[in-house]
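# Tertiary structure, described
Each chain is listed here by its residues.
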Amino acid sequence: MVGLTGFERRHPAELSGGMQQRVAICRALMIDPPLLLMDEPFGALDALTRDEMAVELLRIWEQTQKTIIFVTHSIDEAVLLSDRVVVMSPRPGTVALNVDIDLPRPRTSELRYDPRFTQYSHQLRTAIDQGRRRSAQAGDGDRHDLPDLTA
């Protein structure tokens, strides 16, 4: 399922970064969890391998239909992989935007050229930029960054 046929007898150090990520996905799927939590799983990969792994994850999702919570700093990755994207604000971390991604499936990397993909990317970028500006105006160590605990 994870595309490692022919590498069954290899040790982790003998595998590429992308293959190591496939092994990690395989290990997570082996226990058949109802939910997968993935925190920046492709962050250490080069751009081409990262794109390849995103498409592989989409293929695996098509087969398993698992719920996946995927944390990423890549706007394109978020739009391509998600049915819903939640943008978190900087300090304090609150939900700045919650948007449903209504793009056709199955998804491929070519979807990035679809005007709707561009619209979603722009919407997410705008929310992120607004959050950064608000955080900068409040000052990094300023008390405005702290949640009100008296309410």
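Numbers given to residues run from 1 along each chain, matching the order in which its sequence is written. In keeping with the model being predicted, local features are shown solely for residues with a pLDDT of at least 70 and side-chain atom pairs are shown and tallied solely at 80 or more, while totals for entire chains, interfaces and linings include all residues. Side-chain metrics in this entry use all non-hydrogen atoms of the structure; hydrogen atoms and water are not considered.

Secondary structure elements are taken from DSSP: a helix is a run of H or I of four residues or more, a strand is a run of E of two residues or more, and numbering for both begins at the N terminus. Assigned secondary structure in the protein consists of four helices and four strands. Going residue by residue from the N terminus, the α and β elements of the protein occur as α-β-α-β-α-β-β-α. Dimensions of the protein along its principal axes, counting C-alpha atoms only, are 55 × 35 × 30 Å. Of the contacts made within the protein by residues no fewer than 6 positions apart, 55% connect residues no fewer than 24 positions apart. Only heavy atoms enter the contact rule, under which two residues are in contact if any of them lie within 4.5 Å.

Turning to the packing of aromatic side chains, a few remarks are in order. Stacked, edge-to-face and tilted are the three classes for Phe, Tyr and Trp ring pairs, Trp counted by its six-membered ring, which pair at centre distances within 6.5 Å; planes under 30 degrees apart are stacked, over 60 edge-to-face, the rest tilted. The full count for this structure, using the stated rule, is one aromatic pair. With centroids separated by 5.5 Å and ring planes inclined at 55°, the aromatic side chains of Phe42 and Phe70 adopt a geometry described as tilted. Here Phe42, found in the loop between strand E1 (35–39) and helix H2 (47–64), pairs with Phe70, found in strand E2 (residues 67–71); they are 28 residues apart in sequence, far enough to count as distant. Exposed residues in this analysis have more than 50% of their type's maximum accessible area, buried residues have under 20%, and partly exposed residues fall in between, with area computed by a 1.4 Å probe over protein chains only. What makes Phe42 buried here is its relative accessible area of 0%. Overall, Phe70 belongs to the buried group, its relative accessible area being 18%. Taking the ring centre of Trp61 as reference, the NZ or CZ of Arg105 above it sits at 4.3 Å. We call a charge positioned above a ring when the Lys NZ or Arg CZ atom is no farther than 6 Å from the ring centre and deviates by at most 35 degrees from the ring normal.

Note on definitions: angles span 0 to 180 degrees between N-to-C directions of axes, and those axes are lines fitted to C-alpha atoms, for helices only across the stretch in contact. Their axes nearest at 10 Å, the elements helix H1 (residues 17–30) and H2 cross at an angle of 25°. Compared by their axis directions, H1 and H2 come out roughly parallel. Regarding H1 and H2, the two cross each other, and that crossing is right-handed. For the pair formed by H1 and H2, the contact residues are Gly18, Gln21, Arg22, Ile25 and Leu29 on the first element and Thr49, Glu52, Met53, Glu56, Leu57 and Ile60 on the second. Any angle that falls under 35 degrees is termed roughly parallel, while one over 145 is termed roughly antiparallel, one within 65 to 115 roughly perpendicular, and all others oblique. Definitions for this section: a left-handed crossing has its near helix turned counterclockwise from the far helix by less than a right angle. A right-handed crossing has that turn clockwise.

Detailed reading of the predicted model is not advised wherever pLDDT is low. Within a predicted model, pLDDT stands for the predictor's per-residue confidence, ranging from 0 to 100. Of all residues in the protein, 92% attain a pLDDT of 70 or more, and the chain-wide mean is 85. Mean pLDDT values over the elements of the protein span from 84, in H1, up to 95, in helix H3 (residues 75–81). Predicted confidence is poor over residues 141–151, with pLDDT under 50, and the contacts of this stretch with residues over four places away or in other chains come to eight contacts.

Looking at where Arg112 falls in the secondary structure, it is placed in the loop between strand E4 (95–100) and helix H4 (115–138). Of the residues examined, Arg112 reaches a relative accessible area of 19% and is grouped as buried. Not counting residues up to four positions away in its chain, the partners in contact with Arg112 are Asp51, Asp76, Leu80, Phe117 and Thr118.

Right, let's talk about H1 for a bit. Structurally, the α-helix is built with 3.6 residues per turn, so residues lying three or four positions apart point the same way. Here H1 is 14 residues long and its end C-alpha atoms lie 20 Å apart, about the 20 Å a rise of 1.5 Å per residue gives. Restricting attention to buried positions, one finds in H1 the residues Gly18, Met19, Gln21, Arg22, Ile25 and Leu29. Within H1, the buried residues cover an arc of 155° as seen down the axis, which keeps them to one side. Turned more than 90 degrees away from the buried face of H1 sit Arg27 and Met30, all of them exposed. Buried residues along H1 sit in contact with E1 and H2. The span expected for a helix works out to 1.5 Å for each residue beyond the first. This arc is built from the directions going out from the helix axis to the C-beta atoms.

The subject of this paragraph is the nonpolar core. Among buried residues, the Ala, Val, Leu, Ile, Met, Phe, Trp, Tyr and Cys ones that are joined through side-chain atoms within 4.5 Å form a nonpolar core. One finds Ile25, Val79 and Leu124 to be the most contacted residues of the largest nonpolar core, which totals 32 residues. Mapped by element, the contributors of at least two residues to this core are H1, E1, H2, H3, strand E3 (84–88), E4 and H4. Setting aside anything within four residues of it in sequence, one finds Val79 in contact with Ile101, Leu103, Arg107, Phe117, Tyr120, Ser121 and Leu124.

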